[in-house]
Amino acid sequence: MFEPVLLKNLDRPDAHRLAAYEATGGYRGLARALKEHTPDEVIGIVKAANLRGRGGAGFPTGMKWGFVPKAPGRPKYLCCNADEGEPGTFKDRIIMERDPHQLIEGMAISAYAIGAATAYVYIRGEYVKAIRTLGAAIGEARDKGYLGQNILGSGFDFEMHIHEGAGAYICGEETAMLDSLEGKRAQPRLKPPFPAVEGLYASPTVVNNVETLACVPHILTRGDDWFRDIGPEKSPGPKLYCLSGQVRKPGLYELPMGISLGELVEEHAGGPLSGRRIKAVIPGGVSAPVIPAEGLGVAMDFDSLAAAGSMLGSAGVIVIDDSTCMVKVATRIIEFFHHESCGKCTPCREGLNWVVKVLRRIEAGRGAPDDLDQLRDLCKGIFGNTFCALGDGAAMGLRAALEHYGDEFAAHIDRQKCPFH
Amino acid sequence: MSPPSDMRAEIEAAAARYPDRRSAIMPALLIAQRLHGHLPGQVLEEVADILGVERIWVYELATFYTLFHTEPVGRYHLQLCDNVSCMLCGSEALLAHIETVLGIGKGETTADGLFTLSTVECLGACEMAPVMQVGDDYHGALDIARLDALLTRLRAEAGAAAGATEMAGE
Amino acid sequence: MPDVTINGQKLQVEPGTTILQAAESLGLAIPTFCYIKRLPPLASCRMCLVEIEGQRRLQPACATAVADGMVVRTESELIAETRSSMLDMLLANHPLDCPICDKGGECELQDMVMAYGPRESRFRDAKRVFHSKDIRLSPVIIMNVNRCVQCQRCVRVCEDVVGAVALGTVDKGMDTAVTGFEGSLASCDQCGNCVEVCPVGALMSFPYRYKSRPWDLVETDTVCPHCGTGCQLTVGTRKGEFKRIRSKWDAGLNGELLCARGRFGLDFVEAKDRVKRPMIRRDGELAPVSWDEAGAHLRRCLDAVRGKPSGGVASPRLPNEVLYQFQKLMRTAFRTNSMDCSSRWSTPVDALRPLLGEFLTRAPLDDLTRSDRVLVVGGNVTEENPVTDYLLRDAVRQGRTGLLMLSARPSRLEADARAVLRVEPGGEASGLAAVAAALVAEAAAGDAGRLAAELAAAARVSVLVSADVLRPPTAETTLRHLGHLLRRLAALDKGPAFQFLFDRANQLGAWDLGVLPDVLPGLGAVRDDAVRNRFAEAWHAPIPAESGHGLDGMLDLCAGGRMGAFYVVQSDILAAYPDRDLAARALGSAELLIVQDTFLSETAALAEIVLPAAGYGEEAGTFTNGEGRAQALGKFREPAFEARDNLAIFDFVAAQGDHPWRPQRTDEVRDEIARMVMAYDGLAGKPPAADGAFTSSDPVPEGAAELPALPPAELPRGGLLLVTGNGLFHNGYLSERSSILNTIAPDPYVELSAADAERLGFAEGDRLLVRSAAGEVAVALKINRRFPDGLVFIPENYRDLRLNSLLRRGEYPCPVEVIRAPVRSPVAPSV
Ligand SMILES: Cc1cc2nc3c(=O)[nH]c(=O)nc-3n(C[C@H](O)[C@H](O)[C@H](O)COP(=O)(O)O)c2cc1C
Ligand code: SF4
Ligand code: FES
């Protein structure tokens, strides 16, 4: 049986308090890192654990930390990506609301590893409760000497601040987040230079997701092999899955990486609502292409989902049943990306606007026979040509919807109405 | 109008967290909006002056981010999520219901200034879809009955508050 | 150096070269929108996507650095499809109102669609419309948001180059719109560079709106007359009528950049106060007459003053050819060396000449801004030479140089400086002395020390000096201290390059060509027999051997009733001389005041004879800018009314006397200059080419010795001190006749520091009286947050203000008091 790691204290009402956290072994990872390891060793341990980023792209965390130049000179920064805007995702919120010290400890260890003295947690502004809870926890940790000067007598100084977002999905994209932190409109930056070399205030910067950072203390206390032994070799570890949509038991589930999508939906989340059948599942937030019911055997890890033409993304699993019109779902998803496009690059800004207009028309029963070709061409024009991955996500999702549910689109156009109404 | 002194102090405290004052524009706008309700041009100018940054930078941010309002909003801002998970769980019906009950459409404010209605993108609480944020609070697993109860409660709360200020005024 | 293969062609490039640059060097065109040379790449438009072998996705050529062994294709079916697709998307919401769009015919989007676009768009939904009406952002800038393609060139130029940070981008995604704070650009620099760089008809020039189609314009390349930066620009006229200015992009030091004066201030050519016909004084009044009558009158008057001293002043805004002929005429026909080329100061030739000979660097500003440090001395470069300011900011932001500033008047550019030394008004000399001393001191503290340390740490240094330092009576001392500092830098192997920043378009030309009392063209001394004889032979006339008087001396002669003929060419001494009372007395007492001018200036109104002269754009010639670059002036219209070319008027004047004088056309004069003045030998035979022709420095024989450290000038201390100079939108004479500039900046103002304003209880916009021992003027207050306390600034360019009535010769900076202007009794409300 898999024992929850990140959510192990979820049922304790006082899990957000320092005392409760300490009582269950909290801050021992930090102590161990500071007392027993050099920063390089910490990076080595995280590398050995093969922790991959939980923010969406699955980039190996230890490797990212390793890119930070060792030379003193410019200050280094750690940024925690708590913008969590990917529709279908709510895991980071729950960590921050329920067990925020995991994140603080993880950040302190990470900062030690990369040599950062300052960190910012970029939390979306809607998460008022998470902001308050994490803020209070930071205060507790500071009072107890887990943050601030000379932490645990190690000589390591580290301070963290919360930066409240103000409503823009693109802030989740790491370089747009850096611009936002610098007080600019959040728009992605050119890469290279990568943030690890030139990020916040042109200084070396590591950006990691909340869940990624929350894994770090556990790796330090329980060892890299313990972590590596959970789930598939190439993307190991415990994983938070966000279940929502037309499913019996929506909620946050912690299970190993690599669990099958079918098991997740059918067994853990209770399967479809009564009298319905599952039609499709979006496995990793709306940026991830939809997987039709036939494909539910796929394993929930970065590589398997990529091989299946989708992605693990934020592990926001959205279940869609047979009562739902896929054109409507696709339209709503593209409307989201269109609304959240930062506006920087042509294909995303203009292309998605065009796509939305066509989709709305089809959904409203005013589609034209060549609309599907047009949509496919637009996907082609957008995919791969946008400045950042937002536009890619939109185009990939639409392409998959057209591929798997082309007949539903065609039916709308043929009948000049939505067959689900 | 000179800025309320605590606004300046709060903004200065926020600015101290960053090596560059431009970074404090966002926190400053959040502070200003909390104190002023929304962000008219004059408030933007004050924020720019306090931080000593370009006005256009402040204006850019005030319009880029959806949580900032350059126009007034009602006392309760009903922000109904209509993204996929909430949609799959019935947010459309809720929207239609609010529109009928309050007699306003998306982006509008009731004549009494009590409610402004918006639909918003995913609130990050899909496990309790459909969700609506009102002020700082999330209200999840909504259905028509719970929605009605919520609106009634908000109305009562506003009435009580109004009564309280009236009494205080007497 | 990386090797790269582009479309099968191999080449080697400098590390860091982008694919776009590499392709350009092979002559391969890659379409772009958001890219502009001057700015770091944005890579947002995605027009320039190209294939790189081994990479899954197309990559933006504008932002991708070439790596060794890279194999790039810029043409393929996929690339063609992608370009077409980007254009199709851009067009989807782009209004197809080309027939009424000012940009139609010269629009990059139009051109791009023709070259790479879809043949027809499949877009059939409703286009987005932001605003059905265009938005008037400022008096000169109007925006059609619907046409914007979001290349952000405008915003980036405004922030990174102009430094105004006036334009920004509001909202996001499809709603993104470029605009100013709260939708207004009312308080920006109005330079219009945003309009210039806009590839489409989104940002437009309001004055040019609906004025013409580009193909109906006759375009003439020329040089801006407004300051010594010497920007190149193109004048568009239609049927001889002035329509617009645009930048030339690929020529001159300025490229696509201009300032408000250059871009919007050339409509002065249409000003109404032209001198239409010759005028002579009859019964105390100026009366229009024919050229013949004027000639007869002039002959009589010249006879009457024969044997008396004479002198002349010519404006440093005149072309080289005119200036050269002017001094020749003064020296040969009027037999005098008394002359000057400023209406505001007597040129301190003694101190100036060694500086020019020893240090003046005739080279592109771009070279100077590649030295490790650039020191800017005096004035306010942001307001006086805006495009120089832009170029300096650009150089700093791109990391090409570090900036150091020393001046009394703060400027916006200081925000980008590594060290700033603020000196007392008129205190440049002491500032320079302090820096020179700190440069050799063991450890020097304070701002001067910091500035010196920056200079000391640099391998190569450039020094740019505002001609504003010539204003105070201490100018000579300042120049000597400047020489001292330059010599010290040279001794420290900093190879100092040095240029002046002039506020007059051809100040350097006027100096080079000897419109000065003691030097001849080429800056050789009049007293030097060999030099003088060379010119006397060439001109077939003797030249007086003794030095003449400069402006101050000539005015003294006039005021003392001893001056015979005083010949003033396009110079408004009464309006500009920093002692109005003295100027009025002098001009009134000259026996024969001849004024040759385009406009009826205040000085002309006092003349005995007024001769109508061709104005800017009405005759060809050359200007020499602050870089020492001689550039050709284009003629875009005929002299208006009965005006004649300045050269023809000299011939006319000479003909009324009995002197040997050979009439010459512009090109003949230019050839003579090239022959007689070594520095100008590049001008022989033809007008300068598109990029101008650099003059060279004739070595000046004397003055190389190390000067003893000079005692700094005595400064008036304490209280409020008035300095004057150019504001951003005006620099006198020409600009004050621009109706567009007058809508941008109609009213004079006084600048005070915030603390002074508060201490005196004044608020922004208050009407104040500025009072000196000599007089008072009423102006509105502009609080300048950069100002040091005690500094008072009023721009000198508002004729009606008569600012020089506050000033007395030798008393500058001028002590003043500032009080609230008495309230005019309000109009009684109608009942
Ligand atoms: C459009 C877009 C939105 C994103 N949103 C988020 C987000 O909300 N949270 C997050 O952690 N990462 C998000 N990412 C991924 C980040 O860019 C980045 O890869 C991640 O924060 C790195 O952290 P990790 O290595 O710990 O996963 C987003 C990426 C894109 C392109
Ligand atoms: S794909 Fe382009 S417009 Fe879209 S969010 Fe990314 S950079 Fe902005
Ligand atoms: S020119 Fe390269 S992306 Fe615009």
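Bear in mind the structure is a predicted one, so any value in this text is a computation, not a measurement.

Our focus in this paragraph is the site of ligand 2. The immediate surroundings of ligand 2 are formed by 13 residues, with C342, C345, C348, F387 and C388 of chain A found nearest. When grouped by side-chain class, the residues that make up the shell around ligand 2 number eight nonpolar, four polar and one charged.

This brings us to the interface of chain A and chain B. Taken together, the contacts link 55 residues of chain A with 36 residues of chain B. Together, the buried faces of chain A and chain B total about 3500 Å²; carbon and sulfur atoms form 59% of this surface. In terms of surface lost to chain B, no three residues of chain A exceed A166, R185 and R332 of chain A, which account for 18% of the buried area on that side. Our enumeration of links across chain A and chain B arrives at five salt bridges. One salt bridge connects E92 of chain B with K328 of chain A, and the closest N-O pair in it is separated by 2.5 Å. Those elements that provide at least two residues to the side of chain A that touches chain B are α5 (91–98), β2 (118–123), α7 (128–143), β3 (159–164), α8 (174–181), β5 (238–245), β9 (316–321) and α13 (326–340) of chain A. Considering each element in turn, the side of chain A that touches chain B owes the most residues, eight residues, to α13 of chain A. Class assignment of the residues belonging to the side of chain A that touches chain B gives a composition of 26 nonpolar, 16 polar and 13 charged.

Glancing now at the domain arrangement of chain B. The domain boundaries assigned to chain B delineate domain 1 (5–64) and domain 2 (76–169). If you average the C-alpha positions of domain 1 of chain B and of domain 2 of chain B, the two centres end up 28 Å apart.

This brings us to the packing of helix α13 (residues 428–440) of chain C against helix α14 (residues 446–457) of chain C. Residues and elements named next belong to chain C. For the pair α13 and α14, interaxial distance at closest approach is 8 Å and the crossing angle is 60°. Between α13 and α14, the angle is such that the two are oblique. Considering the relative orientation of α13 and α14, their crossing is right-handed. Between α13 and α14, the residues in contact are A434, V435, A438 and L439 and A448, G449, L451, A452, L455 and A456, respectively. Of the residues in the contact of α13 with α14, the class split is nine nonpolar, one polar and no charged.

All names here are of chain C. In this fold, S601 is placed in the loop between β24 (592–597) and β25 (609–612). For S601, a relative accessible area of 2% corresponds to the buried category. When neighbours within four sequence positions are excluded, S601 is seen to be in contact with D572 and R737.

This part is about the interface of chain A and chain C. If you look at the interface, chain A gives 36 residues, while chain C gives 36 residues. Roughly 2900 Å² is buried in total at the junction of chain A and chain C, and carbon and sulfur atoms are behind 51% of that figure. For chain A, the biggest contributors to the area lost against chain C are R185, E350 and W354 of chain A; these three give 21% of the whole. In this structure, the connection of chain A to chain C is made through seven salt bridges. Among the ionic pairs, R124 of chain C bridges to D370 of chain A, the shortest N-O distance being 2.9 Å.

With that out of the way, let us pick up the domain arrangement of chain A. Residues and elements named next belong to chain A. Taken domain by domain, chain A comprises domain 1 (18–228), domain 2 (238–321) and domain 3 (326–415). When each unit is reduced to the centre of its C-alpha atoms, the spacing between domain 1 and domain 3 is 35 Å. Contact with domain 1, which involves twelve residues of that partner, is made by nine residues of domain 3. Both faces considered, domain 1 and domain 3 share a buried interface measuring about 820 Å² in area, 74% of it formed by carbon and sulfur atoms.

Before going further, it helps to spend a moment on the sheet that holds strand β3 (residues 132–134) of chain B. Residue and element names in this part refer to chain B. On the basis of which strands lie adjacent, the open sheet formed by four strands has the order β2-β1-β3-β4 and mixed pairing. At either margin of the open sheet sits one strand with a lone partner, and together these are β2 (115–120) and β4 (137–139). Shown here is a sheet whose adjacent strand axes are inclined to one another by a mean of 25°, direction ignored. As paired strands, β3 and β4 are joined by three bridges and run antiparallel to one another. Each residue of the ladder has a partner; that of M132, found in β4, is H139. Contacting β1 (76–81), β2 and β3, helix α6 (residues 91–102) runs over the sheet at an angle of about 155° to β1.

Conventions we followed
Residues numbered from 1 in each chain as written. Chains lettered and ligands numbered in written order. Predicted model: local features only at pLDDT ≥ 70, side-chain atom pairs only at ≥ 80, totals over all residues. Heavy atoms only, no water. Near = heavy atom within 4 Å. Nonpolar A, V, L, I, M, F, W, Y, C, P; charged D, E, K, R; others polar. Contact = heavy atoms within 4.5 Å. Buried area = accessible area lost by both parts, 1.4 Å probe. Salt bridge = Lys/Arg side-chain N within 4 Å of Asp/Glu carboxyl O. Helix = DSSP H or I, 4+ residues; strand = E, 2+ residues; numbered from the N terminus. Domains from an automatic or database assignment. Axes fitted to C-alpha atoms, helices over the stretch in contact; angles between N-to-C directions. Parallel < 35°, antiparallel > 145°, perpendicular 65-115°, else oblique. Left-handed = near helix turned anticlockwise from the far one by under 90°. Buried < 20%, exposed > 50% of the residue type's maximum accessible area, 1.4 Å probe, protein only. Pairing = 2+ DSSP bridges.

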